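# Secondary and tertiary structure notes
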Amino acid sequence: MEKGKISSLQMGLMIYPTIIATGILFLPASMFEYAGRDLWIPPILASATGALTIFIAYRLHRFYPKETVIQYSCNILGTALGKILGGILLLFYLHSSSYVIFQYGEFMMGNFLPKTPKIVILGSMIMTCAFAIRGGLEVLGRLAEMIVPILLVALILIVILLLPDLEMKHVFPIMGNGIMPSIRATIFLNIWFGQFFYISFFLPMVTDRTKGRKWAVISLVAVVLTMVVTNLTTLLVFGESTGNFEAPLMAAVTYISIADFLSHLESLVMACWIAGAFMKISVIYYALVLGLSQWLNLSDYRPIVFPVGFLMILMSIWQVPNKWVLTSHNQIAHFIDPVMQTAIPLFLLLVAYIRKGKQQNKEEAKG
């Protein structure tokens, strides 16, 4: 079905913007709402969920090296239960994609294209992603190799240029209200770190599989460092006002002014964020299309790329009509998403261990 191959490095580069693209803009405000001045601590704590999710995905891959979660669910639970679970996971991915697409459309309309119809903004992005996905997994891997280094350089440049505006007094007192605010923020942040399970769709196509876990962990470390740095940067710029901005990093960039000629770098943030959003949507889109084709036992996923993209746009418009619905979703998602992305895979792993143990015992008894 998917004949393309990627390296473990490309997989790590693909998963990085999948986690960080929406996080660098919107998470600082959310983290400040939960944890206040300690908004830089939750990414460190939530990394445990990311590490656990990577471990689960990799162990399941070791048991079923040529299959994705949609396929080995049937081997682990049986065809009927496996199909039901696979269908639930696909609906969850479709549901999640609608909120990512909505955030992209709202941000673009609110900050850069206020007079452009939302359907045009969403349609152009999904169309671009669709052509990339039809090109195959290798295309996505090579795009990640081009986009992610540029994204990282831009983020580092922004932080360096903001150094004159940082005030260390904003970070104190550390844990002034104890550890519980950071824990509550961590529970919410698990939504993002559970997304590392997307590697289960890419591991079967990785050429150097022995390095798959290594680069997934490197990607996890990069995500944590990026979140800590961006959260701290916005806090040190705005202090107690951090929670007043929808996208604090974007607002912080307006403070950059070097020698009266280097300023108004919002376009740089916009370009980097669009590139990151493109990779995030493409990864979710690809996982959804590949998983659906495997669930339906199709021989090729390419014929359903455009229909699924059209469905994703419809879901983003119908399911998320306004920001209030998005806020309500976020309040529920920090309970549902860890279950779908970490708890259910953990259940599959435990059942796989039991089945493999029984099978080994039978073979030993026969021997």
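Our subject is the structure that appears above.
Residues numbered from 1 in each chain as written. Predicted model: local features only at pLDDT ≥ 70, side-chain atom pairs only at ≥ 80, totals over all residues. Heavy atoms only, no water.

We now examine the packing of helix 5 (residues 118–134) against helix 11 (residues 305–319). Packing of helix 5 against helix 11 leaves a shortest axis separation of 10 Å and a crossing angle of 150 degrees. As judged from the angle between their axes, helix 5 and helix 11 are roughly antiparallel. Like other packed secondary-structure pairs, helix 5 and helix 11 cross with a definite hand, here right-handed. Residues Ile 119, Leu 122, Gly 123, Ile 126, Met 127, Ala 130, Phe 131, Ile 133 and Arg 134 of helix 5 form the contact with helix 11, whose participating residues are Val 305, Phe 306, Gly 309, Met 312, Ile 313, Ser 316 and Ile 317. Of the residues belonging to the contact of helix 5 with helix 11, the class tally is twelve nonpolar, three polar and one charged. (Axes fitted to C-alpha atoms, helices over the stretch in contact; angles between N-to-C directions. Helix = DSSP H or I, 4+ residues; strand = E, 2+ residues; numbered from the N terminus. Parallel < 35°, antiparallel > 145°, perpendicular 65-115°, else oblique. Left-handed = near helix turned anticlockwise from the far one by under 90°. Contact = heavy atoms within 4.5 Å. Nonpolar A, V, L, I, M, F, W, Y, C, P; charged D, E, K, R; others polar.)

Moving on, we get to the packing of aromatic side chains. Inspection of every chain in the model, using the stated rule, returns 16 aromatic pairs. On the numbers, 5.7 Å between centres and 55 degrees between planes, the contact of Phe 92 with Tyr 93 is tilted. With a relative accessible area of 2%, Tyr 93 lands in the buried category. Taking 5.6 Å as the distance between ring centres and 75 degrees as the angle between the ring planes, the aromatic pair formed by Phe 131 and Phe 306 counts as edge-to-face. Within this pair, whereas Phe 131 is found in helix 5, its partner Phe 306 is found in helix 11, the two being separated by 175 residues in sequence. Counting every residue linked through ring pairs, the aromatic cluster contains Phe 26, Tyr 104, Phe 107 and Trp 273. Sitting over the ring of Phe 63, Arg 59 keeps its end group 5.9 Å from the ring centre. (Phe/Tyr/Trp six-rings, centres within 6.5 Å; stacked < 30°, edge-to-face > 60°. Buried < 20%, exposed > 50% of the residue type's maximum accessible area, 1.4 Å probe, protein only. Lys NZ or Arg CZ within 6 Å of the ring centre and 35° of its normal.)

Once that is clear, we can look at helix 5. Over its 17 residues, helix 5 runs 24 Å from end to end, which matches the ideal 24 Å to within 8%, given 1.5 Å per residue. Looking at helix 5, one finds that the buried residues are Ile 121, Leu 122, Met 125, Ile 126, Cys 129, Ala 130, Ala 132 and Ile 133. Summarising the axial view, the buried residues of helix 5 lie within an arc of 165 degrees, below the 170-degree limit, and thus occupy one face. In this structure, the buried residues of helix 5 make contact with helix 4 (79–111), helix 6 (137–162), helix 10 (266–295) and helix 11. One or two residues past the end of helix 5 sits Gly 136, with phi positive at roughly 105 degrees. (Expected span 1.5 Å × (residues − 1). Arc of directions from axis to C-beta.)

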